[in-house]
Each structure stands twice: as C-alpha cells, then as structure tokens.
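What follows is each chain in one-letter form.
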Amino acid sequence: MQEIKDMVCPFCGCLCDDVTLEIDGDRIVSTDNCCTIGNAKFLGKHRLKNPIKKVNGKWVDITYDEAVDTAVDILLDADRPLLFGWSGTHGEAQCVGVHMNEILGGVIDSTTSVCHGPSILAIQEVGHPGCTLGQVKNRADLIIYWGCNPIEAHPRHMSRYTTYADGYFLDNAFRNRKVIVVDVRETETANVADEFIRIKPGGDYAVLSSLRAIIRGKGDMIPDSVAGVSRTQLMQVAEMCRTCSFGALFFGVGLTMAKGKYKNIRNAIELVDDLNRHTKFTLTPMRGHWNVYGANEVFSWMTGYPFAVDFCRGVAFYNPGETSAVDVLARKECDACMVIASDPGAHFPRACVEQMRDIPLIVIDPFQSLTTPLADLQIPAAVTGIDAEGTAYRMDGIPIKVKKAMDSDYPSDTEILTRIYDRMLEVKGL
Amino acid sequence: MKFILNTGRTIRQGKYIESKLGKGYAEETSRCQIHPLDLLELGVEEGENVLVKSEAGEVVLVAVADEGLPKGMVFVSYGIHCNSIISASTHGTGMPDYKIHEVEIVPTSEDRKTPVELLEQLGGLRYAGN
C-alpha cells in the first residue's frame, strides 16, 4: 500500500491540490481531503477497456491503430467538423486539438459555451476585476455567492477559500466574514448564509441595477420591491457591500443561463466597479469543469478567441450564437463531430443530441458516457490526475500541474490526439 | 399547470458523473423537485410520476417535494431527462435557457425511462461489452 500526498482533484474549477491517495497496486483504494464528488472520481470503476466501433448496428472491439485510422477517415471526410468538449482534459491536449482544427477548417468549442461563455462575453465588454482565490481567503471579509450553489457544485470552495477558511489578514475569520447568497431558490448554501436574497426568476438584472443605484447615492429612486426583493433588504445589502474592507463576488450559471445572460454579468461587473469607488471588491466566475478555464486560455493564446472558434475561412473567426456548439448542431450544420472529455449527450438540448446521432461521431473518453450510444467510435484515454498528467487552470486563472498517481497502458488524451493529428498530416501530405 | 423549469448541479448527480449508466444517476436526474403546495394543486403525491412538457418535447419524471423552491418553479438536476425538454434556441449567445424554461406539468401513469432508454428511443445503441 502506497500513500501519495498533494495530488490535484480533476473534477471542478477549485482544483483542490491537497488530496491524499492510498494506492494498492494499480488501484486507488481510498482518498483523503476529497469532497464526495472528487472521491467518486478518484475511485471511478468500469473504464472502457479498448476502443470500440459501431459496425452494421453493432459495437465491435478494435485496436488503437484501427481507432486512429477510423477517426482520421471520419474527420478528413467531413466538410464542417465540430470538435467539442476539452474542459475535462489537460492543456497540452487542448493545444493539439487547436492545431487539428486548423487543418480541418472546422469549429472548435469547449463546454464554456454552455457554462460561463456569457461571462466571457461580458468580460470582453467591460473587463474582469478579479483576483486569486488566495487573496479572497486571506483578505475578504464579505463574500457574495450569486446564482451558484457551491455546497453542491464546488463542495470545498467554502472550506478552502471563503466561509470556513482561516484568513491571514482577518481576525476570527469564521465569525467575522459575512456571507450573502443571492438565488431564486433556497439552496443548501442559502441555509448557511448571513443574508439570503431570494430573487424572482429572471430578476437578477433589475436587482443588480438597484444595488448599483443605491451605491451611487440614488437609493431614493428604488421602489418598495424589486424582483421580489424588498427595498429595505437592498439598502441593507448595499451598505454591507459598501462598508466591507474587501468583498468578493462569486457568481454561477444562475446568472449566465437565465434571462439576460451576458448582460447580467456585465451588470455584476459594473456593480463591482461601482463598489471599488468605496472599497476593494472583486468578481470571480465559479467555473465548473476542472480545466474549462484552461481551454479558454489555450484557445485564446493560439487563435485569439476563448471558445467557439471557427476555422472555415482559413483564419480564426468567433461569433458565439453562430459558431458555438449548440447552435452549430441545432442548425444541423456540422457533418461530423469529435467529442472529447465532456458529455453533450447528457447536457445538450434534444435537437443537438439528434444531430449528433445523425452524423459520424467520435468520442474520446475513459468511460461510457451518455454520448457513447450515439457514437460511431469511442477511444478510451487515461484519466488526468490518475494515470495521465498535464496542466490545468483553476477558476481564478492559476495554472496548476496535475500529477499522475500511477502508470497504465491507456494512452493520454494528448497521445491519442497527437496520433490522430500526425496521421492526418501524413494523409494530407503536409 | 404551467411552471418555470430550473436545472442545475446536485452533489448526487456529480457523484455519479462517471457512472451515468447506473441506477443512482438515473434516479437522481429524473427527479422533479417541486413546492409541496404546487404538488397539492396538481393532485400529485410525492413519489408519483409527472409528465413535463415544453415546446421542445416531453419527459416523465418523479415528483419530489422541496420547500426551498418558490411556487411555480420546478428544479431538475442536470442530465438527459431535463435536456429532453430544453429548447436549443440560444438567442444569439450560444447558451440555451437551462435556468428559465416554460413547461407544463400534468399527472401521469406512465413510467420513467432511464437515460439509456431515452437514448435508445432516439436510436442510440448501448455498448454492453466489458
């Protein structure tokens, strides 16, 4: 039995880097410091043993060589392929994906477009007043969770960085750090807040505007109730924000997926801007997949755009709403698709799932997912953080090396993609 | 009755994310959380099935009471069940209305389907090997 300390959890954007794994032979038998979700990820069973291919309506087992050739045939045969996913793999694999897409002239998009894509659109309009999670942990005396439920989605966020964490520059952080939760429903997180603001669905923009008006000294303009929130509570919350020493606003997809989408985030950023005229205030999106931020970084360095990048013109082009995965699929525009490290079969609207069913579909994933039944080919890869390693970006943009705990016979995502890419260049004579 | 559908992560759904073909995931993602007074108005007991319909499709879920929800809103955890009734329209942003989608809910005697059964209904094929 071997114990390995300081491993990185490859589940959510917290990228907790204090995980201890106990290993027996080629198997992780227990974890320490993980949340329920991270624990399940490390102890995951039932990996696909070999590549599989659908032939005449039946799945058959094939070799990695055959799988690479089939993937190359599918991709090179397509006029407008979509390469989707990327958020659950390391940056080195994402790099190969971008190179591959340039050769194919296709669309490459990460799960960003269905999580914090609208946040990025807002950041492109008005900037990002952010900071590292370490700054929040050690300095913030006011935390706002808006449209997110960290207890269920980022289970260790509160204990590592906010509510239950010690702060170097704070006295008695647990008692003195205040937490405000804003949501349309009373979640587990709302139950531990000092102040819970319940908003009517779709009312976030109006509430953000009201808080901005109060901060700018126009509180007398506010009606008795805004989207279900009383004027008294709005005044009280605005005062908490204005008088804190360091405030940190974390927001989730409750803002990006609701009415108003990126305009909600723009208003939240501008509220933070207004508050910075009185005190120190920052804003951080609660990124979901462990390396979705990395996908944005890699795509931005290599193409100039953070997600939904279209190479059909020979140069990178970006127009979310047109070149984003859901739209490309719903318009039945792509004629082949490669899904890596994500599961759009479970998370995309049915119209998109039907299009994935109707076109050649390649899946690169260690496990059978709900995209598998729709696929024509699945290639199992090693799991980053267990038997593969690489670079990931935490939700605050900090790059972290995700180490591997053991070796295995599975190739990593980078190895699989490199083999496909090299073969593609060979076939095209490049 | 008309409702607003809100979808999101739950810790149990997260736990089963790499065993989506199993019972735990199927159970978690086919729960329709609803305010107890709305259940009363629908004439549905907790644990009974409901048919949830939208312009994009329909799906059978099991009703679960949740006092934390406002009246008129239902919550379903991320998964293929809720996405069977979410429209693919993104209003030019790339993002569907995962958090705010109009649906109609009626009592039903139909059975819930598992995620794999829903995919098989669409023409998908499960890999039964290893």
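Described below are features of the structure shown in this document.

Parameters at a glance
Sequence order as written defines residue numbering, which begins from 1 separately in each chain. As a convention, the first chain written is A and the first ligand written is 1, with the rest following in written order. pLDDT decides what is reported in this predicted model: residues at 70 or higher carry local features, side-chain atom pairs at 80 or more are listed and counted, and totals for whole chains, interfaces and linings draw on all residues regardless. Side-chain numbers here rest on the full set of heavy atoms in the structure, without hydrogens or water. Nonpolar core, defined: a set of buried Ala, Val, Leu, Ile, Met, Phe, Trp, Tyr and Cys residues in which side-chain atoms within 4.5 Å join the residues together. A 1.4 Å probe rolled over the protein chains alone gives each residue an accessible area, and that area as a share of the maximum for its type sets the label: buried under 20%, exposed over 50%, partly exposed in between. By the criteria applied, helices consist of DSSP H or I runs no shorter than four residues and strands consist of E runs no shorter than two, each listed in order from the N terminus. Here, two residues are considered to be in contact whenever any of their heavy atoms come within 4.5 Å of each other. When DSSP finds two or more bridges between a pair of strands, those strands are recorded as paired. Note on method: axes are straight lines fitted to C-alpha atoms, helices fitted across the in-contact stretch only, with angles between N-to-C directions ranging 0 to 180 degrees. Crossing handedness is defined as follows: a turn of the near helix away from the far one that is anticlockwise and smaller than a right angle gives a left-handed crossing, while the clockwise case is right-handed. Residues are grouped as follows: Ala, Val, Leu, Ile, Met, Phe, Trp, Tyr, Cys and Pro are nonpolar; Asp, Glu, Lys and Arg are charged; all remaining types, including Gly, are polar. As used in this structure description, the phrase polar contact means that two N or O atoms lie within 3.5 Å; if the pair is within protein, one of them must be able to donate a hydrogen and the other to accept it, and residues adjacent in sequence are counted only when both atoms belong to side chains.

**Structural notes on the nonpolar core**
Core analysis: the biggest nonpolar cluster contains 58 residues, and Phe348 of chain A together with Ile105 of chain B have the highest contact counts within it. Considering each element in turn, this core owes the most residues, four residues, to helix α15 (residues 325-330) of chain A. Excluding residues that lie within four positions of it along the chain, Phe348 of chain A makes contacts with Phe84, Val114, Ala325, Val326, Leu329 and Val353 of chain A together with Asn83 and Tyr98 of chain B. In this structure, Val19, Ile23, Met286 and Met395 of chain A belong to the second largest nonpolar core, which totals 38 residues.

**Looking at the sheet that holds strand β7 (residues 107-110) of chain A**
All names here are of chain A. Taken in spatial order, the nine strands make up an open sheet running β5-β4-β19-β18-β17-β6-β7-β15-β16, and their pairing is mixed. Edge positions in the open sheet fall to β5 (58-61) and β16 (317-318), since each of these has one partner strand only. Examined bridge by bridge, strand β4 (residues 52-55) and strand β19 (residues 377-379) share two bridges and lie antiparallel to one another. Each bridged residue has a counterpart across the sheet, and for Ile52 the counterpart in β19 is Gln378.

**So, the packing of helix α10 (residues 204-215) of chain A against helix α11 (residues 231-243) of chain A**
All names here are of chain A. α11 packs onto α10 with a crossing angle of 65° between their chain directions and a minimal axis gap of 9 Å. Remark: the crossing between α10 and α11 carries right-handed chirality. Across from Val207, Ser210, Leu211, Ile214 and Ile215 in α10, the residues of α11 making contact are Leu234, Met235, Val237, Ala238 and Arg242. The class makeup of the residues in the contact of α10 with α11 is eight nonpolar, one polar and one charged.

**Some remarks on the side chain of Thr163 of chain A**
All names here are of chain A. With respect to the helices and strands, Thr163 occurs in the loop between α7 (157-160) and α8 (173-176). When its relative accessible area of 6% is taken as the criterion, Thr163 is described as buried. In terms of polar contacts, Thr163 uses its side chain to reach the side chain of Thr162, at 3.2 Å. Not counting residues within four places of it along the chain, the set of residues in contact with Thr163 comprises Tyr145, Met158, Phe174, Arg177 and Val179.

By themselves, these figures tell us nothing about what the structure is for.
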